[in-house]
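Summary of structural features
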Amino acid sequence: MFDTLLHQFWQLTISGIALGFIYVLISLGYTMVYGVLRMINFANSEIFMWGTFASVVVTERIFHFTATSKPATGFKLIEVLLLCLIAAMLTSASVAMFVELVAYRRLRARGVNRLATLISAIGMSIALSEGMRILTDSRPVNVPRVLEKTVLFNVSNAQVRIDNVIVIVAAAVIFVALERFIKLSRMGKAIRAVSMSEETSKLMGVNLNAVITITFAIGGLATGAAAFFYTTVYEITKFDVGFTMGIAAFTAAVLGGIGNIRGAMAGGIALGLLETYSAAILGTQWKAITVFIVLILVLLFGVTTTCSVLIFFRKDLINILIALFKSFSVKPFSNLVLTICSGNSS
């Protein structure tokens, strides 16, 4: 049952971290909006989907890449990747601001309850998804390969590809930049003030509508970056791609404590690893089910109780660790860990 996980542990770990960082960026769209409005932007999954198609349009229509084209190199590669990233981020940010204007602002001005706003967000999600379904005739769209997925180096028996490195490094940089912006900039302080008290913020001269719109735009930019990274790694998109990715990112946000930016990062990486490991152990058909199971457990019992479920599997985890360390060539260190694990298992 654990053979695939044991033999491909480091490869799965690298892939899981890369997937986790994509979840992190998408979950920032949920986290930013919830932190300010205390509402869930369920249209964020479709904002991600529109970002993936923006990247495809730039690749095919502007740079004329096709399925038979050779990957770009040199400055041409940098140009294509940067423009695709910018297009995906700007498209997602524009859609996010449109969602805020249509689904949130008018209802908020009328003082309606949150349930009405939630229904409005779900309606926007369906409209955006169905609109893209009509445009694409419900067909999946293959993304032309722009980046040659060369192996940069090996870690144990795992191959570290350039696309995974780009995702991990770039997503980490975007996350740090966003956190610094929220913490140090004037607008970031306004966003934090509105999240604490809308009424007090208005009394202090904060433009509430402007702050909320910018919050949606920032979440859209992060989600758009995730859309570009997704198409770069997986090279396919579809009108409903946002559903599974959105549910997973929402689960990551809840797992890390929704409204907490650093928690979104921890939750995203943890969920990416868990989803990848479970697919290796149980099969890829269980990949999406794992996300729903984690979400249900967290909503029912909370993060602490859910994490404690791992206690029930401690013996299996210890056996996995023992088998992994046996594969290393550093005998003294391996023997030390084996001794510690054996002592804990007893």
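Scope of this entry: the structure provided in the associated data block.

Definitions and limits used
- Residues numbered from 1 in each chain as written.
- Predicted model: local features only at pLDDT ≥ 70, side-chain atom pairs only at ≥ 80, totals over all residues.
- Heavy atoms only, no water.
- Helix = DSSP H or I, 4+ residues; strand = E, 2+ residues; numbered from the N terminus.
- Buried < 20%, exposed > 50% of the residue type's maximum accessible area, 1.4 Å probe, protein only.
- Contact = heavy atoms within 4.5 Å.
- Areas by Shrake-Rupley, 256 points an atom, 1.4 Å probe, with all protein chains shown as cover.
- Patch = residues over 30% accessible without salt bridge, like charges linked within 9 Å, V, L, I, M, F, W, Y side chains within 5 Å.
- Salt bridge = Lys/Arg side-chain N within 4 Å of Asp/Glu carboxyl O.
- Pairing = 2+ DSSP bridges.
- Axes fitted to C-alpha atoms, helices over the stretch in contact; angles between N-to-C directions.
- Parallel < 35°, antiparallel > 145°, perpendicular 65-115°, else oblique.
- Left-handed = near helix turned anticlockwise from the far one by under 90°.
- Nonpolar A, V, L, I, M, F, W, Y, C, P; charged D, E, K, R; others polar.
- 1 Å grid on protein atoms, 1.4 Å probe; cavity = no way out; pocket = protein on both sides within 12 Å on 5 of 7 lines; lining within 4 Å.
- Points joined across faces, edges and corners; volume = space filled by probe spheres on them.
- Phe/Tyr/Trp six-rings, centres within 6.5 Å; stacked < 30°, edge-to-face > 60°.

We now examine the overall build of the protein. The secondary structure content of the protein amounts to 14 helices and 4 strands. Here the protein holds 346 residues, and 47% of them are scored as buried. The long-range fraction of contacts in the protein, counting pairs at least 24 apart against all pairs at least 6 apart in sequence, stands at 76%. Accessible surface for the protein amounts to roughly 17,400 Å². Of this, 66% is attributable to carbon and sulfur atoms.

Right, let's talk about a nonpolar patch on the surface for a bit. Where nonpolar side chains cluster on the molecular surface, the patch consists of Phe75, Ile78, Leu82, Leu83, Ile86 and Leu90 and spans about 630 Å² of accessible area. Along the chain, Ile78 turns up in helix H4 (residues 74-110).

Before going further, it helps to examine the pairing of strand S2 (residues 151-155). A regular strand places its side chains so that they alternate between the two faces of the sheet. Pairing of S2 with strand S3 (residues 158-161) involves 4 bridges; the strand directions are antiparallel. Counterpart to Val151 in the pairing with S3 is Arg161. Taking the residues between adjacent antiparallel strands as the criterion, S2 and S3 are bridged by 2 residues, where Ser156 takes a positive phi near 55 degrees.

This paragraph deals with the packing of helix H3 (residues 44-62) against helix H5 (residues 114-136). Two measures define how a pair of helices packs: the angle their axes make with one another and the distance between the axes. Contact geometry of H3 with H5 gives a least axis separation of 8 Å together with a crossing angle of 30 degrees. The pairing of H3 with H5 is recorded here as roughly parallel in orientation. For H3 against H5, the interelement crossing comes out left-handed. On H5, the residues touching Ser45, Glu46, Met49, Trp50 and Phe53 of H3 are Ser125, Leu128, Ser129, Met132, Leu135 and Thr136.

Structurally, Phe63 is set in the loop between H3 and H4. By relative accessible area, which is 13% here, Phe63 ends up buried. For the pair Phe63 and Lys76, spaced 13 residues apart in the sequence, the C-alpha separation amounts to 9.7 Å. Those residues in contact with Phe63 that sit more than four places away from it in its chain are Val58, Lys76, Glu79, Val80 and Leu83.

Interhelical geometry of helix H2 (residues 9-37) versus helix H9 (residues 208-234) gives an angle of 165 degrees and a closest axis separation of 8 Å. The pairing of H2 with H9 is recorded here as roughly antiparallel in orientation. As for the relative orientation of H2 and H9, their crossing is left-handed in sense. Contacts from Leu19, Ile22, Leu25, Ile26, Leu28, Gly29, Met32, Val33, Val36 and Leu37 of H2 reach H9 at Ile212, Thr215, Phe216, Ile218, Gly219, Ala222, Thr223, Ala225, Ala226, Phe229, Tyr230 and Tyr234. In the contact of H2 with H9, the residues fall into 18 nonpolar, 4 polar and no charged.

With that settled, the discussion passes to the layout of surface pockets. Within this model, the second largest pocket holds a volume of roughly 330 Å³. Of all the elements in the fold, those that place two or more residues in the lining of the second largest pocket are H2, helix H6 (162-184), helix H7 (186-196) and helix H11 (261-282). Classifying every residue of the lining of the second largest pocket by side-chain character gives 6 nonpolar, 5 polar and 5 charged.

Moving on to unusual backbone geometry. Peptide bonds are, in most cases, trans, and in most cases residues other than glycine have a negative phi. If you check the backbone angles, Arg38 has positive phi at about 60 degrees while not being a glycine. Secondary-structure assignment places Arg38 in the loop between H2 and H3. Arg38 sits in the partly exposed class, given a relative accessible area of 37%. The residue Asp137 is not glycine, and still its phi comes out positive at about 55 degrees. A residue is classified by how much of its surface remains accessible, and Asp137, at 53% relative accessible area, is exposed.

To continue, consider the packing of aromatic side chains. Applying the stated rule across the entire model yields 8 aromatic pairs. Between Tyr230 and Tyr234, the ring centres sit 5.0 Å apart and the planes meet at 40 degrees, which makes this aromatic pair tilted. Residue Tyr230 and its partner Tyr234 are located together in helix H9, separated by 4 residues, close to a single helical turn. The class for Tyr234 is partly exposed, based on a relative accessible area of 34%. Cluster of aromatic residues (ring-pair linked, three or more members): Phe9, Trp10 and Tyr277.

Turning our eyes to something else, we now look at empty space enclosed by the protein. A complete count under the given rule lists 1 cavity of 30 Å³ or more for this structure. Taken as a whole, the largest cavity holds about 120 Å³ of empty space. Taken together, the elements giving at least two residues each to the lining of the largest cavity come down to H3, H4 and H9. No other element matches the 3 residues that H9 contributes to the lining of the largest cavity. The class makeup of the residues in the lining of the largest cavity is 7 nonpolar, 4 polar and 2 charged.

Locating Glu100 in the fold gives a position in helix H4. Discounting chain neighbours no more than four positions away, the residues touching Glu100 are Arg105, Arg108, Ile212, Thr213 and Phe216.

Oppositely charged side chains are able to pair whenever their charged atoms sit close together. Taken as a whole and judged by the stated rule, the model has 9 salt bridges. Taking the shortest distance from any N to any O, the salt bridge between Glu130 and Arg133 comes out at 2.8 Å. Of the two residues, Glu130 and Arg133 are both situated in helix H5; the distance of 3 residues between them amounts to about one turn of the helix. Its relative accessible area of 33% is what places Glu130 among the partly exposed residues. A single salt-bridge network, built from bridges that share partners, covers Arg145, Lys149, Arg161, Asp163 and Glu235.

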